[in-house]
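Commentary on secondary and tertiary structure
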Amino acid sequence: MRLVFLGPPGSGKGTQARMVSESMNIPQISTGDILREAVARRTDLGKKARSYMDAGQLVPDDIMLALIEKRVDGTDCTGGYILDGFPRTLAQAMGLDEILTQRGETIDLAILIEVADETVVRRLTRRRICPACHALYNLDTDRPKRDNLCDRCGVELVLRSDDEEKTVRTRLNVYRNDTLPLADYYDSKGILRKVDGEGSVDEVFASIMGILTEVRQS
Ligand code: AP5
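In this text the structure is predicted, and so the values were computed from the model without any measurement.

In this section: the site of the ligand. For the ligand, the set of nearby residues contains 35 residues, the closest of which are Gly14, Thr15, Gln57, Arg127 and Arg171. For the ligand, a nitrogen atom lies 2.9 Å from a polar atom in the backbone of Gly85. At 2.9 Å, a side-chain N or O of Gln92 approaches a nitrogen atom of the ligand. Taken by itself the ligand offers 1,000 Å² of open surface, and the protein chains cover 95% of this. When contributions to the shell around the ligand are tallied by element, the ones reaching two or more residues are helix H1 (13-24), helix H2 (31-41), helix H6 (117-125) and strand S6 (136-138). Ranked by the residues each element gives to the shell around the ligand, the list is headed by H2, at four residues.

Here's what the structure looks like:
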C-alpha cells in the first residue's frame, strides 16, 4: 500500500508511521528526517533547507518534489511505502500524483491524525530525538531508560531546533494555511480517513491498523 500520513506537527505521524512500517514491512519515508540528515551532513540540500526548517517554514516545493521522486524510485518501495510529512502543499500533492501517474501508481489512502494545538505544543516542547538513529522520546510519556541517552545507541538526545514554543506555533500556522487543505484534496478522491490522535500511542495505532485492515479487505 502507498500511504500518506497527514496531521499537524506533533500529531504523532512519525511515531505511528514507524509502527505501521514495522507492522506492514514497508518503508517509512519521512521528509523531515531526510532533510535533518542533509542539514547534519551539510550537503547542498541541507544548506538550502536549513533556514526554512529553523524558521518553521516549508522547504520549497520544487526541492521536495525532486527529493521524493528519487526516493520512491528506491528498490525498497516496490511493495509500497508510508509518506510521513509529504505532501505538505497542494502543489506537492498534485506533483506527487503526476509522478505516480507516470509510474502507473496511485496513493491508496491518506490518514489524517487530528490533535488540538495545545497538545501539539506540550508534546513538541517535551520531545527529544536521537540525532544518530532518529528514535523519538517524550519527557512526559516515553522517557529514555538512561537520563537523556538514546536506549538504542546511547547517543545524547537533543531538542529539535524547531521545537521551541515560538517556532512550534509558526509551524501550526503554516500547517493550517498550507497543509490542512490537503484533507479536502484527498477527501474529494475518496481516500481520506481521519483518526483521533489524542489517545495513547497504542490507541492511535489500533485505530490506524483497524482502518488499514478494513481498506485491505474491501
Ligand atoms: P517534520 O519532521 O515532518 O515535522 P512535522 O510535520 O512538523 O512533524 P513532527 O515531526 O514535529 O511531528 P510528528 O507528527 O511526526 O509527531 P511525533 O511522532 O514526532 O518536518 C520538519 C520541517 O522540515 C518542516 O517544518 C519543514 O521545514 C521541513 N519539511 C518536512 N517535510 C516537508 C515538505 N514535504 N515540504 C516542505 N518542507 C518540509 O510525536 C511528537 C511527540 O509526541 C514525540 O515526543 C512523541 O513521543 C509524542 N507522541 C506521539 N504520539 C503520542 C500520543 N498518542 N500520546 C502522547 N505522546 C505522543
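Right, let's talk about the layout of surface pockets for a bit. Taken as a whole, the second largest pocket spans an internal volume of roughly 420 Å³. Secondary-structure elements contributing two or more residues to the lining of the second largest pocket are H2 and helix H3 (44-54). Sorting elements by how many residues they give to the lining of the second largest pocket places H2 first, with five residues. Partitioning the lining of the second largest pocket into residue classes produces nine nonpolar, two polar and seven charged.

As a further point, take the packing of aromatic side chains. The relative placement of two aromatic rings is captured by the distance of their centres and the angle of their planes. Going through the model one piece at a time under the given rule, you end up with one aromatic pair. Aromatic side chains Tyr185 and Tyr186 sit 5.2 Å apart centroid to centroid with 80° between the ring planes, which places their arrangement in the edge-to-face category. The same class applies to Tyr185 as to Tyr186, namely buried.

Moving on, we get to the sheet that holds strand S3 (residues 81-84). What the five strands build is an open sheet, ordered S2-S3-S1-S4-S7; its pairing is parallel. Two strands lie at the open edges of the sheet, namely strand S2 (28-30) and strand S7 (192-196), each paired on one side alone. With direction set aside, neighbouring strand axes in the sheet form an average angle of 25°. As paired strands, strand S1 (residues 2-6) and S3 are joined by four bridges and run parallel to one another. Bridge pairing in S3 places Val4 opposite Leu83. The sheet strands contacting H1 are S1, S2, S3 and strand S4 (109-114), and the helix crosses S1 at an angle near 160°. Contacts from helix H9 (residues 201-217) reach S1, S4 and S7, with the element oriented near 155° to S7.

Cut-offs used in this document
- Here the residue numbers are simple positions, counted from 1 along each chain's written sequence.
- Where local features are concerned, this predicted model is filtered to residues with pLDDT of at least 70; where side-chain atom pairs are given and counted, the filter is 80 or more; whole-chain, interface and lining totals use all residues.
- Calculated side-chain values reflect all of the structure's heavy atoms, with hydrogen atoms and water omitted.
- When at least one non-hydrogen atom of a residue lies within 4 Å of a molecule or strand, that residue is treated as near it.
- In the analysis that follows, any N or O atom pair within 3.5 Å is treated as a polar contact, provided that within protein one partner can donate a hydrogen and the other can accept it, and provided that, for residues neighboring in sequence, both atoms belong to side chains.
- Note that accessible areas follow from Shrake-Rupley with a 1.4 Å probe, and for residues the cover is restricted to the protein chains shown.
- To qualify as a helix, a DSSP run of H or I must reach at least 4 residues; to qualify as a strand, a run of E must reach at least 2; elements of each kind are numbered from the N terminus.
- Cavity and pocket criteria rest on a 1 Å grid covering protein atoms alone: a 1.4 Å probe that fits but cannot get out defines a cavity, protein on both sides within 12 Å along at least 5 of 7 lines defines an open pocket, and an atom within 4 Å of a point defines a lining residue.
- Grid points are joined across faces, edges and corners, and a volume is the space filled by probe spheres set on the points.
- Residue polarity follows a fixed list, in which Ala, Val, Leu, Ile, Met, Phe, Trp, Tyr, Cys and Pro are nonpolar, Asp, Glu, Lys and Arg are charged, and the others, Gly among them, are polar.
- Here is the rule: rings of Phe, Tyr and Trp (six-membered ring for Trp) pair when centre to centre is within 6.5 Å. Planes less than 30 degrees apart are stacked, more than 60 are edge-to-face, and the remainder are tilted.
- For each residue, the accessible area found with a 1.4 Å probe, counting protein chains only, is set against the maximum for its type, and the residue is called buried under 20%, exposed over 50%, and partly exposed in between.
- At least two bridges found by DSSP between two strands is the condition for calling them paired.
- Angular values range over 0 to 180 degrees, each being the angle between N-to-C directions of two axes fitted as lines to C-alpha atoms, with helices fitted over their stretch in contact.
- Residues are treated as being in contact if the distance between any of their heavy atoms lies within 4.5 Å.

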